[in-house]
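Residue strings, one per chain:
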Amino acid sequence: MNQKKIGDFLRKLRYEKELTQIQLAEILFVSNKSVSRWEKGKSLPDIDILMKLAHFYDVSLEELLDGQRNEMANNTESTALKVAEFENEEKKKMKRITQILVLFSMVLMLISYITITI
């Protein structure tokens, strides 16, 4: 899955609706900075927002995840696989963040312990 390509497609769809990032953000109840990050390919929206975007732009979820319009976009199995891939990538990101937070907490606890015993 190419985040940059998805972001470019999201920007193109927004332009077609003649919306600013701020206007789209208000419609989706997110910040305009979130919309900017999606369109730059720095992050992807959550799956529920992706589904709202697909409905709003009248494209399939598969097309959004492909980053382009497809003539045969109603392939349910393919869409399900892309959604599963997206969710797995998000789970991996969350796992990394959790690991970093746990490590950071352990370091803080160690520093606190050393400070108290000195």
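Residues numbered from 1 in each chain as written. Predicted model: local features only at pLDDT ≥ 70, side-chain atom pairs only at ≥ 80, totals over all residues. Heavy atoms only, no water.

Participant: Just checking my understanding: could you explain the overall build of the protein chain for this structure?
Facilitator: Secondary structure summary: the protein chain contains six helices and zero strands in total. Relative to a compact globule of 118 residues, whose C-alpha radius of gyration would be 13 Å, the protein chain shows 19 Å and is clearly more extended. Taken along the three principal axes of its C-alpha coordinates, the protein chain extends 70 × 35 × 20 Å. Here the protein chain holds 118 residues, and the buried ones make up 34% of them. Taking the intrachain contacts of the protein chain between residues at least 6 apart in sequence as the baseline, contacts between residues at least 24 apart amount to 55%. Working note: accessible area of the protein chain is about 8300 Å², and carbon and sulfur atoms make up 60% of it. Averaging the locations of the 18 positively and 17 negatively charged side chains of the protein chain gives two centres separated by 8 Å. (Helix = DSSP H or I, 4+ residues; strand = E, 2+ residues; numbered from the N terminus. Rg over C-alpha atoms; globule rule 2.2 N^0.38 Å. Buried < 20%, exposed > 50% of the residue type's maximum accessible area, 1.4 Å probe, protein only. Contact = heavy atoms within 4.5 Å. Areas by Shrake-Rupley, 256 points an atom, 1.4 Å probe, with all protein chains shown as cover. Lys, Arg positive; Asp, Glu negative; His and termini not counted. Charge placed at Lys NZ, Arg CZ, Asp CG, Glu CD.)

Participant: Help me understand helix α4 (residues 47–57), please; the structure alone is not making it clear to me.
Facilitator: One turn of an α-helix holds 3.6 residues; hence residues three or four places apart share an orientation. When α4 is considered as a whole, its buried residues turn out to be I49, L50, L53, A54 and Y57. Buried residues of α4, seen end-on, are gathered within an arc of 145° and therefore sit on one face of the element. (Arc of directions from axis to C-beta.)

Participant: Honestly, the packing of helix α2 (residues 21–28) against helix α3 (residues 32–39) in this entry has me stumped. Any pointers?
Facilitator: The description of two helices packed together rests on the angle between their axes and the distance between the axes. Viewed as axis vectors pointing N to C, α2 and α3 meet at an angle of 110°, and their least axial separation amounts to 8 Å. With respect to α3, the element α2 is oriented roughly perpendicular. With respect to the hand of their crossing, α2 and α3 are arranged in right-handed fashion. Across from Q21, I22, L24, A25 and L28 in α2, the residues of α3 making contact are N32, V35, S36, W38 and E39. Residue composition of the contact of α2 with α3, by class: six nonpolar, three polar and one charged. (Axes fitted to C-alpha atoms, helices over the stretch in contact; angles between N-to-C directions. Parallel < 35°, antiparallel > 145°, perpendicular 65-115°, else oblique. Left-handed = near helix turned anticlockwise from the far one by under 90°. Nonpolar A, V, L, I, M, F, W, Y, C, P; charged D, E, K, R; others polar.)

Participant: What's the story with the environment of K5 in this structure? I'm lost.
Facilitator: With respect to the helices and strands, the residue K5 is situated in helix α1 (residues 3–16). Sequence separation of K5 and L65 is 60 residues, and the distance between their C-alpha atoms is 8.9 Å.

Participant: What am I meant to see in the nonpolar core here?
Facilitator: The tendency in soluble globular proteins is for nonpolar side chains to be buried side by side. Within the largest apolar cluster, 22 residues are counted, with the highest numbers of intra-cluster contacts made by L10, L24, W38, L53, Y57, V59 and L64. Taken together, the elements giving at least two residues each to this core come down to α1, α2, α3, α4, α5 (61–66) and α6 (76–117). In this view, L24 contacts R14, L19, V35, L53, F56 and Y57; residues no more than four positions away in its chain are not counted. (Core = buried A, V, L, I, M, F, W, Y, C linked by side-chain atoms within 4.5 Å.)

Participant: Would you explain the pattern of salt bridges in this entry?
Facilitator: Should the charged atoms of two oppositely charged side chains come close, the side chains can pair. In this structure the tally under the stated criterion is six salt bridges. Residue E39 pairs with R14 through a salt bridge whose shortest N-O separation is 2.5 Å. With E39 in helix α3 and R14 in helix α1, this pair connects stretches of sequence that are 25 residues apart. Look at E39 and you get buried, because its relative accessible area is 1%. (Salt bridge = Lys/Arg side-chain N within 4 Å of Asp/Glu carboxyl O.)

Participant: What am I meant to see in the packing of aromatic side chains here?
Facilitator: Each pair of aromatic rings is reported with the distance of its centres and the angle of its planes. Overall, the coordinates contain one aromatic pair when judged by the stated rule. Ring centres 5.3 Å apart and planes at 65° place the aromatic pair F56 and Y57 in the edge-to-face group. Cation over ring: K17 sits above F56, and NZ or CZ is 4.7 Å from the ring centre. (Phe/Tyr/Trp six-rings, centres within 6.5 Å; stacked < 30°, edge-to-face > 60°. Lys NZ or Arg CZ within 6 Å of the ring centre and 35° of its normal.)

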